[in-house]
Amino acid sequence: MSAELGAFLRSRRERVTPAETGLPVTGRRRTPGLRREELAMLAGISATWLTYLEQGRDVRPSGQVLDALGRALRLTAAEQEHLHRLAGGVTTPGEDAPEQVAPEVAGVPALLGDNPAYVTGICYDVLAINEAAAELFGGIGPDGNVVRWMFTDRAARDVLVDWEWEARAVLARLRMIAGRHPGHPRVARLVAELSEASPEVREWWPQYDIQFSHAGRKRLRHPRLGVITVSHSAFHVAERPEQTLVVYRLPDSAGLASGTH
């Protein structure tokens, strides 16, 4: 996990300019973003200690040091949480068995009628999906994977009007999951598969974007309704927090009758 922490710190340091932190810009700079010495000064730690962290050495920074680094690097709340998880070595068992979803949970999407809904597992495997979602997100299916569909199925670029925005966002959420569950075999395999299959993943994954999202709006191209703007919300299953129910609300003007899917 130390190597992952070092990679994350370097990626964030390279994104922050001296001007953003109030530091003067002097001379030609070979390093994008802040130099190690500059970040160390801003965070109030020694440059040697920061070097150890970025090199992935087995050192344990305190919460105060991590908070100081987060402020200096202008991290978002999601990125700050990710930093603490990486430094703390938070792990979960590296289970490789297929995920099981409780029947009561698997039956919820069907109850939502014309509102597309599905349940996903730890790395976006689809564990349950209703007919409305299967129609809208053509190609995902009950045994599919949302992230794999998004990056490897051409249909995703048609359904998601703002494909790049949505793809970057879901990859940033997958990056957070990878940080929460370091070494999880299915997460690692998915990342490796996507990196091989998608040039966008190969470009974006090293950028180390971190994000979490529980609700919002997006533009989708419905097979019968055309381009629509929908609201969506995500709910974690109480006893299995890595399983998530995602519900999309179609516009009231859609005029779909129950049982038409």
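Residues numbered from 1 in each chain as written. Predicted model: local features only at pLDDT ≥ 70, side-chain atom pairs only at ≥ 80, totals over all residues. Heavy atoms only, no water.

### Re the pattern of salt bridges
Any two side chains of opposite charge can pair, on the condition that their charged atoms come close.
And then number 1: Applying the stated criterion across every chain yields a total of 17 salt bridges.
And then number 2: Here Arg85 ties to Glu81 by a salt bridge, and the two come within 3.1 Å at their closest N and O atoms. Taken together, the positions of Arg85 and Glu81, both in helix H6 (residues 77-88) and 4 residues apart, correspond to about one turn of that helix.
And then number 3: Among the residues examined, Arg85 registers a relative accessible area of 26% and is labelled partly exposed.
And then number 4: On the accessibility criterion, Glu81 (26% relative accessible area) is partly exposed.
And then number 5: One connected set of salt bridges, linked through shared partners, spans Arg13, Arg36 and Glu54. (Salt bridge = Lys/Arg side-chain N within 4 Å of Asp/Glu carboxyl O. Helix = DSSP H or I, 4+ residues; strand = E, 2+ residues; numbered from the N terminus. Buried < 20%, exposed > 50% of the residue type's maximum accessible area, 1.4 Å probe, protein only.)

### Focus on unusual backbone geometry
And then number 1: Phi angles above zero are rare outside glycine, and Arg74 is one such case at about 60°.
And then number 2: Counting through the fold element by element, Arg74 comes out in the loop between helix H5 (63-72) and H6.
And then number 3: Classification of Arg74 as exposed rests on a relative accessible area of 51%.
And then number 4: Despite not being glycine, Tyr208 shows a phi value in the positive range, around 60°.
And then number 5: Residue Tyr208 is classed as buried on the basis of its relative accessible area of 3%.

### Concerning helix H13 (residues 185-197)
And then number 1: The first and last C-alpha atoms of H13 sit 18 Å apart over 13 residues, in line with the 18 Å expected at 1.5 Å per residue.
And then number 2: Within H13, burial applies to Arg186, Val187, Leu190, Val191 and Leu194. Down the axis of H13, the smallest arc covering the buried residues is 135°, so these residues share one side.
And then number 3: Lining the buried residues of H13 we find helix H10 (146-152), helix H12 (163-180) and helix H14 (199-204). (Expected span 1.5 Å × (residues − 1). Arc of directions from axis to C-beta. Contact = heavy atoms within 4.5 Å.)

### Examining helix H1 (residues 2-13)
Each turn of an α-helix holds 3.6 residues, which means side chains three or four residues apart point in the same direction.
And then number 1: For H1, with 12 residues, the first-to-last C-alpha span of 16 Å sits near the 16 Å given by 1.5 Å per residue.
And then number 2: Among the residues of H1, Leu5, Gly6, Phe8, Leu9, Ser11, Arg12 and Arg13 are the ones counted as buried.
And then number 3: Against the buried residues of H1 lie helix H3 (36-43), helix H4 (47-54), H5 and H6.

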